[in-house]
Amino acid sequence: MCGIVGYIGKEEAAPILLYGLSRLEYRGYDSAGISVYDGGEVRTVKAAGKLENLIRLTEEGRAVHGSVGIGHTRWATHGEPSDVNAHPHVSASGRIAVVHNGIIENYLSLKQMLQAEGVVFRSETDTEVVAQLIDFYYEGDILRAVSRAVDKLDGSYALGILCSDHPDMLLAARKESPLIVAYGEGCNYIASDVTAVLKYTRSVSYMEDEEIAVVREGSITFYNEYLQQIEKPVVHIDWDVEAAEKGGYAHFMLKEIHEQPRVVKNTLSAHIRNGRVDLSDTMLTEDYCREIDKVQIIGCGSAYHVGVVGRYLLEKYARIPAEAVLASEFRYSEPIVDEKTLVIVISQSGETADTIAAMREAKRLGAKTLAIVNVVGSTIAKEADSVIYTLAGPEIAVATTKAYSAQLAIFYLITVALAEKRGKLKEAESAAIVRALEALPGQIEEILTHKEALQQLASKYFNNSSIFFIGRNLDYAISLEGSLKLKEISYIHSEAYAGGELKHGTISLIEPETLVIAVATYEQLFDKLMSNVKEVTARKASVFCVAQARNAEDAGKAAADCFFIPDTHEMLTPSLACVPLQLFAYYVALNRGCDIDKPRNLAKSVTVE
Ligand code: F6R
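Predicted model only: the values in this text are computed from it and were never measured.

This part takes up the domain arrangement of the chain. Where the parts come together, the accessible area they lose is often given as the size of the interface. You can read the domains of the chain as domain 1 (3-238), domain 2 (246-448) and domain 3 (450-593). With 13 residues of domain 1 in contact, the opposing surface of domain 2 contributes 14 residues. Between domain 1 and domain 2, a total of about 1,200 Å² is buried, with carbon and sulfur atoms accounting for 60% of that surface. The interface formed by domain 1 and domain 2 holds one salt bridge in total. In this structure, the salt-bridge partner of E176 is K265, at a minimum N-O distance of 3.4 Å. Viewed at the interface, domain 2 and domain 1 are joined by two residue pairs in polar contact (both at pLDDT 80 or more). Each residue belonging to the side of domain 1 that touches domain 2 can be placed in one class, and the counts come to five nonpolar, four polar and four charged.

So this is what it looks like as structure tokens:
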């Protein structure tokens, strides 16, 4: 995620801003910049790449003078990581500088409106629109201009704003993206994350949605959306820096699990317009969707597991032959793909060596490649014929959670788009899926409120030496992921099986008290999976069943322990079923004292074969 810091006081701002940005580096970023009012105008310095580049350019801040400024580390979402796309963004008049975290969903229509008024844009970002819009509304009263501008924004934002006509103030505004103001001695700060200012002060106020703060050297004034002045409590932070970086969570993995509602919402809403899935900015045009005769989905680890979900969805809804293939196998298997094959490449990092090699092989054979990638400007994003970004933000824990959920979200969209364009999905059915998609973030949120139940189950089972997962169809795909999550962070041996496979060998491993996790959310095969549950309970296995609330009674009869996810459209259960499995794995690993964020022998990005 991007990072924001701002300072107003008597000291030179630039070194304070650079220090604040260095405390935000852990969040991941690909460019950085600062704007400082130097007594005559706003001076902006930006640099792609590491913060060191900016530090060098500004001579550790010594080359930029002035005691009021804003700074930013950017994680690209709109436009490549580059100097020009880095923040702060300055309006064409040079008067307004803005740093922004979040995503402005309606930035294109706002940009068109401003362009029609003659405003000239320099970057590809959604943030520049905010700077230009504030300037457009500015008639001498900067607070009113900011208020009018944010009123027009759809999406999420945390904003730090500097106006050269008002160098005695910084402005801050937020909606659905964290922002604090912090109180210093004869100075004040803004930041997206307390870590940026903890060195200077521990007194902060948390901004709420649609509030605006006017931050001066000696005062901070808050306004609500109607520009009425409001009071806000001052909170004393007693966490250490390490805890602060994790936003108060014990581990990045837990923090990222909790970010899923927002990540799924952002990822979906970027491609749902007026109640319809819209992937018109990708290669999935009507003609192309009708032309292809099969789909191959490639990825590694959890990305491959998303492919397994995708394969079931595409065959069922778009009625097109689809296969999920491990990238490391695909590249050496002499795959049969040609110009009529759509190859979907899934990768969080966009840098996984096997996935890159598999994609290049597919391209060499004439296939078209569509990438689902989290990191803008990564190798896979650059080389694929078309890209759909997961808007998950940087993922720090080695075990993926939020990127996996964002990849699932994109796959639902691809499925609907392909199925519609191939004439396999009626309008009413698409509309029902979109409605269910829009409910997903809230349902994930609801699951997270029951995390103590999973903590208790983990305490009961964390000493098991072997844990099996079973499921059928989409539940099999989720079982693969649940099992990987568990084994990679808790080091407990675990395997996932398609329910029907049990009696072909695996059942011989079931002993009294072996834990079997039955994922039974796929409505059509619920009864079949319950038969598998009976097979293992007859051998005295302990069973923990994840099912939809609508099957609570039957699942409760069959399994000693259950967790119920909210009812949803049959296609979307993976997004809900994965959350209790992530939390179960997390709490098991916690009970076993494992290094959760950095499991042994694993790396976040596997850039070698
Ligand atoms: C598991 C995990 C890995 C990655 C895999 C692919 O929690 O994170 O299995 O999914 O290494 O990585 P990307 O998605 O970066 O290609």
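What follows concerns the packing of aromatic side chains. Going through the model one piece at a time under the given rule, you end up with seven aromatic pairs. Their ring planes at 80° and their centres at 5.9 Å tell us that Y19 and Y200 sit as a pair that is edge-to-face. Here Y200 lies in the loop between β10 (188-191) and β11 (203-206) and Y19 lies in helix α1 (residues 13-23), a separation of 181 residues in the sequence. Measuring from ring centre to ring centre gives 5.5 Å for F544 and F584, while their planes differ by 50°; the resulting arrangement is tilted. A residue pair is termed long-range when its members are at least 10 positions apart, and F544 in strand β26 (residues 542-548) and F584 in helix α20 (residues 573-591) qualify at 40 residues. Residue F584 is classed as buried on the basis of its relative accessible area of 1%.

A few words now on the side chain of H100. The residue H100 is located in strand β6 (residues 96-101) in this model. Since its relative accessible area comes to 1%, H100 is described here as buried. What H100 contacts, discounting residues up to four positions off in sequence, is C2, I4, H72, H87, D126, T127, S156, Y157, A158 and L159.

The local shell around the ligand holds 14 residues, among which S347, Q348, S349, T352 and E488 are the closest. Contact distances for the ligand include 2.6 Å between an oxygen atom and a side-chain N or O atom of S347. The side chain of E488 places a nitrogen or oxygen atom 2.5 Å from an oxygen atom of the ligand. Looking at the shell around the ligand, the elements that each hand over two or more residues are α10 (301-318) and α17 (474-490). Of the residues in the shell around the ligand, the class split is five nonpolar, seven polar and two charged. Counting the residues that make up the shell around the ligand, at least three belong to each of domain 2 (246-448) and domain 3 (450-593).

Criteria and thresholds
Residues numbered from 1 in each chain as written. Predicted model: local features only at pLDDT ≥ 70, side-chain atom pairs only at ≥ 80, totals over all residues. Heavy atoms only, no water. Domains from an automatic or database assignment. Contact = heavy atoms within 4.5 Å. Buried area = accessible area lost by both parts, 1.4 Å probe. Salt bridge = Lys/Arg side-chain N within 4 Å of Asp/Glu carboxyl O. Polar contact = N/O pair within 3.5 Å; in protein donor to acceptor, adjacent residues only side chain to side chain. Nonpolar A, V, L, I, M, F, W, Y, C, P; charged D, E, K, R; others polar. Phe/Tyr/Trp six-rings, centres within 6.5 Å; stacked < 30°, edge-to-face > 60°. Helix = DSSP H or I, 4+ residues; strand = E, 2+ residues; numbered from the N terminus. Buried < 20%, exposed > 50% of the residue type's maximum accessible area, 1.4 Å probe, protein only. Near = heavy atom within 4 Å.

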